[in-house]
Amino acid sequence: MELEVLSLAYPPLLIFAAALLVLVLPRIAGFTVGALSLAAVLAISLVAPEGQHLAGTFLGFEVVPYYIDDFSRMVGLGLGFLGVCSVIYAYSSEASTTLVAFALVYVASSVGAAFAGDWLVLLFMWELMAVTSTLVVWHYGGDAVRAGFRYALFHGTGGVLVMLAVAAHYVQTGTFIYDGTGIADGIPALLAVLGMGVNVAFIGVHTWLPDTYPRPHIAASVFLSVYTTKTSAFVLYRAFPIGAESDLGIYIAYMGGLMSVYGATFALLQHDMRALLSYHIQAQLGYIVAGIGMGAWMIESEIAVAGAMSHLFNNILFKSLLFMAVGVVIYRTGEEDLYELGGLWREMPLTAIGFGLGALSITAIPGFNGYVSKGMLFDAADPHYYGIEASEPLYWLLWLGAIGTLLSFIKLGYYVFFHGESDVSVPDAKPGQTVAMLGLGAACVLFGVWWEGLADLAPTLHAHGGGEFTFAYPNDGEGHMHPYSTSHLQTAGILTGVAAVTFVVVRKPLSKLDLGDPAMIVYPVTYHVSRWTMLAVTEIYAAVDRVVVGGVKRCYWIGNNPVLAVDAAARRLPLVDVEERQPTDGGRPSTIHLRTSIGTTVLLLTLVLTVVLWLLVV
């Protein structure tokens, strides 16, 4: 009975309600409610029964807003746990209640996309996620505003492509409901991969990542670093699930391999710490995308899909942890350039520990969660393990990406925490920041040491008891999980050794480089497009504002001066003489105040539309 009740507790609605309460409750009470709502999502994800829930019709179409399977359960667990830690971190980092309210609505849309059981609900949550994440960026002001417009242009374009894909899918299949086969083949699949490719940072449409994420409040960067990209990677899997046999599978897989190298390379060339981490979002997404592509391309490659979903789950943990640690450094020192820092491990030992746990996880060092999930993807691509001959170049791309990742985090950790002596005396992380970082770090260690727990969450691995897990792979074979076998440990040792030696050789030349991404050549175009778009939006907003406010003031004046209003109308008639009269309000202008920002207006409209649509569905 309790489980059936949980199937009625729609996770996004809980977070949405918490977002409203954050705005009206005292700060500590509001943040507590926000954290509790995400803890509820974590609990619901863990125990809610599988299947379709809250199914109904909307405008004559069948919809399933709430769908639980092993895939959405795993993603929900990660997003819920991170949400709790992120709210705690935001409270200690002095994030405003408005920012956290924006962020919680953003999280609600992300969780809604993860639990959607049909393409129509997914599309609504996808667009809401784009709008609310833009508000999270805009809220900080300054440079974040223009970056937010560029961000909105990218995600608006991607959203239109996804919308067209969903429409074309409905034309071909006659339903929006997920049926396990993914998006319809042909035009719908092509449009979907292009639109979703924006959100998962395919090369060429990824520049919004390093452009946007370094600019807002440090707490905003923590939220942004996970919810859009990881949810979108999961939706990409929904479009191209295991066994889809899509012709696009091979291209998706190799795009992922190229992303892992591209992102790691340009991360290595950055001075800005959050820009470096932003490029590594792309690099780690590359591994996830490669796994999804292999699952759709290599028939029944269960280890590839298990690796992709496990790495997505792990990425939620260690990527947010790294943004938190770097955020604390920025919060305490006010410095964004890693070469202007050094020796901070003595001043900020807890932050250094948090960073170390995240860095060891993302670089796939044995004993940490990234080692287990990245190892699955290596094995899936390696023809000497469970791959096929055609995937060998992909294996080496992933290998190069792993070396670049190690180099990047050796560089970041060395220059921020260990190089030289600190020039400043700064306090360590605040208690809430420490709790959030060490909580995520503990999870990274837990799933690295207790790898069976991670494997048990992975949907396409089959448990047989006693720590034995099997999976199917190409050519109808059956494989077994052995993450800590001698050969796997040797591979990890070789990667680490090569990266360490390479860093010693390239350290000094790297310190002289601060190269932008070649794709930034599009910025002159996006700058002018975003500038004129911004002017058009703001001028239209101002014009509507003037008309509405002017109309309200005029009505207010007429209410106070009805005789003068009749006189004024009569003066417009020919051959009519009107006596001069005095206004009853002394001629003073109306003092009605009807002013609010664009961001607040968009939020209010979004909230109203969400409530209306929810009532229509129910």
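Preceding this paragraph is the structure being described.
Here we summarise the structure given alongside this text. Note that the coordinates shown come from a computational prediction; the quantities given were computed from them, not determined experimentally.

Describing the overall build of the chain
Next up, step 1: Regarding its fold elements, the chain presents 24 helices and seven strands.
Next up, step 2: Considering only contacts within the chain whose residues lie at least 6 apart along the sequence, 79% involve residues at least 24 apart.
Next up, step 3: Summed over all atoms, the accessible surface of the chain reaches about 24,700 Å², with 67% contributed by carbon and sulfur.

Considering the sheet that holds strand β5 (residues 462–463)
Next up, step 1: What the three strands build is an open sheet, ordered β5-β6-β7; its pairing is antiparallel. Strands with a single pairing partner mark the edges of an open sheet, and in this sheet they are β5 and β7 (477–480).
Next up, step 2: When β5 meets strand β6 (residues 469–473), the two strands line up antiparallel, connected through two bridges. Along β6, the bridge assignment pairs H462 with T470.

Let's talk about unusual backbone geometry
Excluding glycine, residues mostly have negative phi values, and the peptide bonds linking residues are mostly trans.
Next up, step 1: Notably, E94 is not glycine yet its phi reads approximately 65°, a positive angle.
Next up, step 2: Note on placement: E94 falls in the loop between α4 (70–92) and α5 (97–115).
Next up, step 3: Classification of E94 as exposed rests on a relative accessible area of 52%.
Next up, step 4: Residue A364 is not a glycine yet carries a positive backbone phi of 65°.

Some thoughts on empty space enclosed by the protein
Next up, step 1: In the structure shown here, the tally under the stated rule is one cavity of 30 Å³ or more.
Next up, step 2: Taken as a whole, the largest cavity holds about 30 Å³ of empty space.
Next up, step 3: What lines the largest cavity is W126, M129, A130, S133, Y151, H155, N199 and T228.
Next up, step 4: Of all the secondary-structure elements, those providing two or more residues to the lining of the largest cavity are α6 (119–138) and α7 (143–173).
Next up, step 5: Counting residues per element, the lining of the largest cavity draws most heavily on α6, at four residues.
Next up, step 6: The class makeup of the residues in the lining of the largest cavity is four nonpolar, four polar and no charged.

A few points about the packing of aromatic side chains
Next up, step 1: As enumerated under the stated definition, the model contains 31 aromatic pairs in all.
Next up, step 2: Seen in terms of ring centroids, F355 and F417 are 5.3 Å apart; in terms of plane orientation they differ by 35°. Their pairing is tilted. Of this pair, F355 sits in helix α16 (residues 349–362) while F417 is found in helix α18 (residues 392–418), placing the two residues 62 residues apart along the sequence. Residue F355 shares its accessibility class with F417, and that shared class is buried.
Next up, step 3: Ring centres of Y371 and Y484 lie 5.0 Å apart, and the angle between their planes is 40°; this geometry places the pair in the tilted category. Here Y484 lies in the loop between β7 and α21 (486–511) and Y371 lies in helix α17 (residues 369–381), a separation of 113 residues in the sequence.
Next up, step 4: We classify Y371 as buried; its relative accessible area is 6%.
Next up, step 5: With relative accessibility at 30%, the residue Y484 sits in the partly exposed group.
Next up, step 6: Every member of this aromatic cluster is reached through a ring pair, and the members are Y287, F378, Y395, W396 and W399.
Next up, step 7: Above the face of the F31 ring, R27 is positioned so that its terminal group lies 4.6 Å from the ring centre.

What about the packing of helix α3 (residues 27–47) against α5?
Next up, step 1: One can describe the packing of α3 onto α5 by two numbers: an axis separation of 11 Å at closest approach and a directional angle of 10°. Classified by the angle between their axes, α3 and α5 sit roughly parallel to one another. In contact with R27, F31, G34, L38, V41 and S45 of α3, α5 contributes T97, V100, L104, V107, V111 and F115.
Next up, step 2: Residue classes in the contact of α3 with α5 are distributed as eight nonpolar, three polar and one charged.

Points about the environment of V506
Next up, step 1: Its location among the elements puts V506 in helix α21.
Next up, step 2: Distance from V506 to L407, taken between C-alpha atoms, is 9.6 Å for residues 99 residues apart in sequence.

A short note on a nonpolar patch on the surface
Next up, step 1: Together, L20, L21, L23, V24 and L25 make up a nonpolar patch on the protein surface, roughly 400 Å² of accessible area in all.
Next up, step 2: Here L20 falls in the partly exposed class, since its relative accessible area comes to 36%.

Looking at the pattern of salt bridges
Next up, step 1: The full count for this structure, using the stated rule, is six salt bridges.
Next up, step 2: D211 serves as the salt-bridge partner of R150, at 2.7 Å between the closest nitrogen and oxygen. With R150 in helix α7 and D211 in helix α9 (residues 208–212), this residue pair connects regions lying 61 residues apart in the sequence.
Next up, step 3: With a relative accessible area of 10%, R150 lands in the buried category.
Next up, step 4: Via salt bridges that share partners, R150, D211 and R215 belong to a single interconnected network.

Some remarks on α6
An α-helical turn contains 3.6 residues, so a residue and the one three or four places further along point in the same direction.
Next up, step 1: Its 20 residues give α6 an end-to-end C-alpha distance of 29 Å, which sits within 8% of 28 Å, the value for a rise of 1.5 Å per residue.
Next up, step 2: Most of α6 sits out of view: 15 of its 20 residues are buried.

Examining the nonpolar core
Next up, step 1: Judged by nonpolar contacts, the single largest core of 190 residues is most densely connected at F240, L412 and L461.
Next up, step 2: If you tally residues by element for this core, the top one is helix α14 (residues 302–333), at 20 residues.
Next up, step 3: Contact partners of L461, with chain neighbours within four places excluded, come to I303, A306, M376, A455, F469, T470, F471 and M481.

Let's talk about α17
Next up, step 1: Given a rise of 1.5 Å per residue, 13 residues ought to cover 18 Å, and the 19 Å separating the end C-alpha atoms of α17 matches this to within 8%.
Next up, step 2: Burial runs high along α17: 13 of the 13 residues are buried.

A short note on the side chain of T405
Next up, step 1: Of note, T405 is situated in helix α18.
Next up, step 2: A residue is classified by how much of its surface remains accessible, and T405, at 0% relative accessible area, is buried.
Next up, step 3: Among the polar contacts made by the side chain of T405, one reaches the side chain of Q284 at a distance of 3.5 Å.
Next up, step 4: At a separation of 2.8 Å, a polar atom in the side chain of T405 contacts the main-chain carbonyl oxygen of G401.
Next up, step 5: If we skip the residues at most four places from it in the chain, T405 touches A264, H280, Q284, I362, T363 and K374.

Focus: the pairing of β6
Next up, step 1: Counting the residues that bridge the hairpin from β5 to β6 gives five residues, and of these G465 lies at a positive phi of roughly 85°.
Next up, step 2: Taken together, the four bridges between β6 and β7 define a ladder with antiparallel strand orientation. Following the sheet pairing, Y473 is matched in β7 by G477.

What about the environment of E452?
Next up, step 1: Here E452 shows up in helix α20 (residues 451–457).
Next up, step 2: E452 gets classed as partly exposed once you look at its relative accessible area, which sits at 24%.
Next up, step 3: Considered as a pair, E452 and G465 are 13 residues apart in the sequence and their alpha carbons are 9.9 Å apart.
Next up, step 4: In this view, E452 contacts G467 and F469; residues no more than four positions away in its chain are not counted.

The rules behind each value
Residues numbered from 1 in each chain as written. Predicted model: local features only at pLDDT ≥ 70, side-chain atom pairs only at ≥ 80, totals over all residues. Heavy atoms only, no water. Helix = DSSP H or I, 4+ residues; strand = E, 2+ residues; numbered from the N terminus. Contact = heavy atoms within 4.5 Å. Areas by Shrake-Rupley, 256 points an atom, 1.4 Å probe, with all protein chains shown as cover. Pairing = 2+ DSSP bridges. Buried < 20%, exposed > 50% of the residue type's maximum accessible area, 1.4 Å probe, protein only. 1 Å grid on protein atoms, 1.4 Å probe; cavity = no way out; pocket = protein on both sides within 12 Å on 5 of 7 lines; lining within 4 Å. Points joined across faces, edges and corners; volume = space filled by probe spheres on them. Nonpolar A, V, L, I, M, F, W, Y, C, P; charged D, E, K, R; others polar. Phe/Tyr/Trp six-rings, centres within 6.5 Å; stacked < 30°, edge-to-face > 60°. Lys NZ or Arg CZ within 6 Å of the ring centre and 35° of its normal. Axes fitted to C-alpha atoms, helices over the stretch in contact; angles between N-to-C directions. Parallel < 35°, antiparallel > 145°, perpendicular 65-115°, else oblique. Patch = residues over 30% accessible without salt bridge, like charges linked within 9 Å, V, L, I, M, F, W, Y side chains within 5 Å. Salt bridge = Lys/Arg side-chain N within 4 Å of Asp/Glu carboxyl O. Expected span 1.5 Å × (residues − 1). Core = buried A, V, L, I, M, F, W, Y, C linked by side-chain atoms within 4.5 Å. Polar contact = N/O pair within 3.5 Å; in protein donor to acceptor, adjacent residues only side chain to side chain.

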